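Architecture at a glance
Residue strings, one per chain:
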Amino acid sequence: MPVKIDVLIPAIAKDLQTLPYVIDAVRKQVKHPIGSIMIVAPNQKRIRQMCRRKGCRFINENTMLPITKNNIHYRSKKWERSGWLFQQLLKMSGDKIGSANYFLAIDADTVLIRPHAFRTGNKAVFYCRSWSQPEYFRTYKKLLGNKASAPKSFVTHYMLFEKSKLRQLKRTIAKKHGMRWYSAVLRKMDKSKQFAFSEFETYGNFLYARNPSGLVLRPALNKSLSMNIANITPQRLRTLSQRFRSISFHKRRGYSRKATKQ
C-alpha cells in the first residue's frame, strides 16, 4: 500500500489562474492516498474562496514562521526575490502542518500530466534534471560544510519531503551556525545573486550525502510553457504527456522591479 501523504502548495493571488489545475492534477496523477491539500498563502478572500471550492485547507502564510515576507530583503535595483525566497522557507516549514509523515511540496504553476509515485519500496523517488544554478551549491556548502554530491539537480518544481528528515536537516543547519535554521539561510546566501538558495537542492543533497542508495533518481521531463493554461486542449495535453511528466507556466516577469518603480 503506498504511503499516505499531504500536499503543500505555496501560492499568491497571481497563481489563481493555474492553481485549480495544479490541484486537480495532483488528485489525478499522484499515486498515493492524499490526506490534506494545504494552500499556504496570504490571507486574501479570493484565495480562501478557491480553497473552499476545491476542498483544500487554507493556511495563512504568516502563521508558518516567526518571520514574514516583510522581514526578507532580497532584491536589487532590477529584481525582487523576497517572495520567491519566502515560499521556499514556507515549504521547509511543512513539517509543522498536516498529519501525514510525508508531504508533497509543489509549485502553484506546475501541473503533473503523468502518474507519479514518490516512494518505491522503502526508497524515496526524486524527479531530477541535469542543470542547476551554481550559487545553490555554494550556499549548500556554507550551510552544511560539505559540497553537494548528487549527480543530478533536484530543482524540478515538486518534491516529497519526509518530515523527520526535514527536521534533521533544519536541526543540523541550526546547530552548525548557532541560530535558527532560516536565519542561517538568510545570513549565508549571497543576496547579490538572483538565484542564491534552493530548498529542493538543499534537502535532496542532504539526503543523498547520508544515504545515496536510499534515493531513486528519475528524469523530471518538465516542459515550460508561456501560454494560458485554460487554452490547452485535452488533445495537446495527451501529446505533451507522451514526452513530459509535468508542465510549468512560469510568470518570471513578476520578479522584475520595473513594474513597481515609482
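Coordinates for the structure precede this section.
Structure report, in brief.

About the thresholds
- Residues numbered from 1 in each chain as written.
- Predicted model: local features only at pLDDT ≥ 70, side-chain atom pairs only at ≥ 80, totals over all residues.
- Heavy atoms only, no water.
- Buried < 20%, exposed > 50% of the residue type's maximum accessible area, 1.4 Å probe, protein only.
- Helix = DSSP H or I, 4+ residues; strand = E, 2+ residues; numbered from the N terminus.
- Salt bridge = Lys/Arg side-chain N within 4 Å of Asp/Glu carboxyl O.
- Pairing = 2+ DSSP bridges.
- Right-handed = clockwise from strand over helix to strand, strands pointing away.
- Axes fitted to C-alpha atoms, helices over the stretch in contact; angles between N-to-C directions.
- Parallel < 35°, antiparallel > 145°, perpendicular 65-115°, else oblique.
- Contact = heavy atoms within 4.5 Å.
- Nonpolar A, V, L, I, M, F, W, Y, C, P; charged D, E, K, R; others polar.

Our next topic: helix H3 (residues 82–91). An α-helix turns once every 3.6 residues. As a result, residues three or four positions apart point the same way. The element H3 is largely enclosed, with a buried count of 9 among its 10 residues. Where H3 is concerned, the buried positions are Ser-82, Trp-84, Leu-85, Phe-86, Gln-87, Gln-88, Leu-89, Leu-90 and Lys-91.

The next point concerns the pattern of salt bridges. Inspection of every chain in the model, using the stated rule, returns 12 salt bridges. Close ionic contact of Lys-54 with Asp-24 constitutes a salt bridge, the shortest N to O distance being 2.8 Å. In this pair, Lys-54 is assigned in helix H2 (residues 45–54) and Asp-24 in helix H1 (residues 19–29), connecting sequence segments 30 residues apart. Here Lys-193 ties to Asp-190 by a salt bridge, and the two come within 3.5 Å at their closest N and O atoms. Judged by relative accessible area, which is 24%, Asp-190 ranks as partly exposed. One continuous salt-bridge network, built from bridges that share partners, spans Glu-135, Arg-138, Asp-190 and Lys-193.

On to the pairing of strand E2 (residues 34–41). With 5 bridges connecting them, strand E1 (residues 5–10) and E2 associate as parallel partners. Across the sheet, Leu-8 pairs through a bridge with Met-38, a residue of E2. Remark: the E1/H1/E2 crossover connection has right-handed handedness. Taken together, the 4 bridges between E2 and strand E3 (residues 57–60) define a ladder with parallel strand orientation. The partner of Ala-41 across the bridge, within E3, is Asn-60. For the segment spanning E2, H2 and E3, crossover handedness is right-handed.

What follows covers the pairing of strand E7 (residues 123–128). Every other side chain in a regular strand lies on the same face of the sheet, so the side chains alternate between the two faces. Summarising burial for E7: 5 of the 6 residues are buried, a large majority. One ladder, built from 2 bridges, connects strand E6 (residues 119–120) with E7; its direction is antiparallel. When the sheet's bridge partners are listed, Thr-120 is paired in E7 with Lys-123.

This part covers the packing of helix H5 (residues 163–177) against helix H7 (residues 199–210). Direction vectors running N to C along H5 and H7 enclose 95°, while the axes themselves pass 10 Å from each other. Of the possible angle classes, the one that applies to H5 and H7 is roughly perpendicular. Contact with H5, carried on its side by Lys-165, Leu-166, Gln-168, Leu-169 and Thr-172, involves Thr-202, Tyr-203, Phe-206, Leu-207 and Arg-210 of H7 and no other residues of that element. Considered class by class, the residues forming the contact of H5 with H7 number 5 nonpolar, 3 polar and 2 charged.

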